[in-house]
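Chain by chain, the residues run as shown.
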Amino acid sequence: MTTIPRGYTPSQDLLKQRVILVTGAGDGIGRGVAKGFAAHGATVILLGKTIKKLESVYDEILEAGGPLPGIYPMDLMGAKYKDYEDLVAALDKEYGRLDGLLHNAGILGERAPIEHHEVHIWQQVLQINLSAPFALTKACLELLYKSADASVTFTSSGVGRKPRAYWGAYAVSKAGIEALSAILADETEHRGTLRFNSINPGPVRTAMRHQAFPAEDRDKLLTPEQILPAYLYLFGSDSKGITGQQFEAQ
Ligand code: NDP
């Protein structure tokens, strides 16, 4: 496991001139990180399912004086490969490159023993948490290579690194994400301009965390804004050359 350098302080214009695609940007961690990226100068492409949520992030970025973001509504559950190709074509036309890709969108599914795990929920979780990041990354590779310094980060979880009872498809999807990240890092290391890492946000105050642990005291959890430094580190030039690592945001 890797953590960001102790006392890391990102510069205010760390992400200036960078174009970064964030999935699941309308809520929770993705929302906080997308706004934080924009506050550090990035042009953020907000991808998510619920247009209203994306629009409110868009408005907040502009109100805060950030660079003009993009909105790309997409339901990762039903997305076909052609949909990813269309997204890449639109990004290529508008920006000509991609400097960052944060795979953040995810669903919990259900917490149940494998014996009682619903098959259709298993498939949904694997689709959104693992198959969609695979297809989106594959489609984006050429565009990422057009950047002199591109960063791709996959969102993992504690149970993706150490599977535990009752975490079912969610833990399997996150273990798969770790494998995908490691494979891509290995396959691309020789190129030197593109890095792949995974990040475990740790417990964060969001709707998903509440779904998993409804009884806990939410006030004791960190907010998405409080784990922002790890994401800034991974998407700025301070982490250039670091690839194939498993980061902890907390
Ligand atoms: P939230 O449930 O708060 O947000 C999830 C985001 O994913 C939402 O923006 C949601 O969009 C989007 N999303 C879900 N389904 C789809 C879909 N079919 N198509 C497109 N977008 C979709 O979760 P968190 O912010 O808590 O989690 C973010 C990531 O961090 C996840 O990968 C999660 O597994 C991981 N994580 C979170 C932890 C925590 O404590 N919160 C701990 C460890 C890992 P919409 O709102 O429009 O549905």
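Everything below is about the structure printed above this text.
Residues numbered from 1 in each chain as written. Predicted model: local features only at pLDDT ≥ 70, side-chain atom pairs only at ≥ 80, totals over all residues. Heavy atoms only, no water.

(A) Here's a closer look at the packing of aromatic side chains. Inspection of the entire model under this criterion finds six aromatic pairs. Both rings, one in Tyr-8 and one in Tyr-233, keep their centres 5.1 Å apart while their planes meet at 80 degrees; by these two values the pair is edge-to-face. In this pair, Tyr-8 sits in the segment before strand E1 (19-23) while Tyr-233 sits in helix H8 (residues 228-235), placing the two residues 225 residues apart along the sequence. In this structure Tyr-8 comes out as buried when scored by relative accessible area, which is 16%. One aromatic cluster in this structure is built from Tyr-8, Tyr-233 and Phe-247. Positioned above the aromatic ring of Phe-213, the side-chain terminus of Arg-111 is 5.3 Å from the ring centre. Lying over the aromatic face of Tyr-145, Arg-191 brings its terminal NZ or CZ to 3.5 Å of the ring centre. (Phe/Tyr/Trp six-rings, centres within 6.5 Å; stacked < 30°, edge-to-face > 60°. Helix = DSSP H or I, 4+ residues; strand = E, 2+ residues; numbered from the N terminus. Buried < 20%, exposed > 50% of the residue type's maximum accessible area, 1.4 Å probe, protein only. Lys NZ or Arg CZ within 6 Å of the ring centre and 35° of its normal.)

(B) Representation of the pattern of salt bridges in the model. Overall, the coordinates contain twelve salt bridges when judged by the stated rule. We note a salt bridge from Asp-27 to Lys-53, for which the minimum N-O separation is 2.8 Å. One end of the pair, Asp-27, is in the loop between E1 and helix H1 (28-39); the other, Lys-53, is in helix H2 (residues 51-63), and 26 residues separate them in sequence. When its relative accessible area of 39% is taken as the criterion, Asp-27 is described as partly exposed. Exposure remark for Lys-53: the relative accessible area of 34% places this residue in the partly exposed category. Lys-82 is paired through a salt bridge with Asp-86; the nearest N and O atoms lie 2.8 Å apart. (Salt bridge = Lys/Arg side-chain N within 4 Å of Asp/Glu carboxyl O.)

(C) The arrangement of the environment of Ala-135 in detail. Mapped onto the elements of the fold, Ala-135 is located in helix H4 (residues 119-145). Residue class for Ala-135 comes out buried when judged on its relative accessible area of 10%. Placed 134 residues apart in sequence, Ala-135 and Met-1 show a C-alpha to C-alpha distance of 26 Å. Ala-135 has contacts with Tyr-81 and Tyr-84, leaving out every residue within four places of it along the chain. (Contact = heavy atoms within 4.5 Å.)

(D) Spatial organisation of helix H3 (residues 81-95). Counted at 1.5 Å a residue, the expected span for H3 with its 15 residues is 21 Å, and the 21 Å between its end C-alpha atoms agrees. Within H3 the residues assigned to the buried category are Tyr-84, Leu-87, Val-88 and Leu-91. For H3, the angular spread of buried residues about the axis comes to 95 degrees, placing them on one side. Projecting away from the buried face of H3 at angles above 90 degrees are the exposed residues Lys-82 and Lys-93. Tucked into the core, H3 has its buried residues touching E1, strand E2 (43-48), strand E3 (70-73) and H4. (Expected span 1.5 Å × (residues − 1). Arc of directions from axis to C-beta.)

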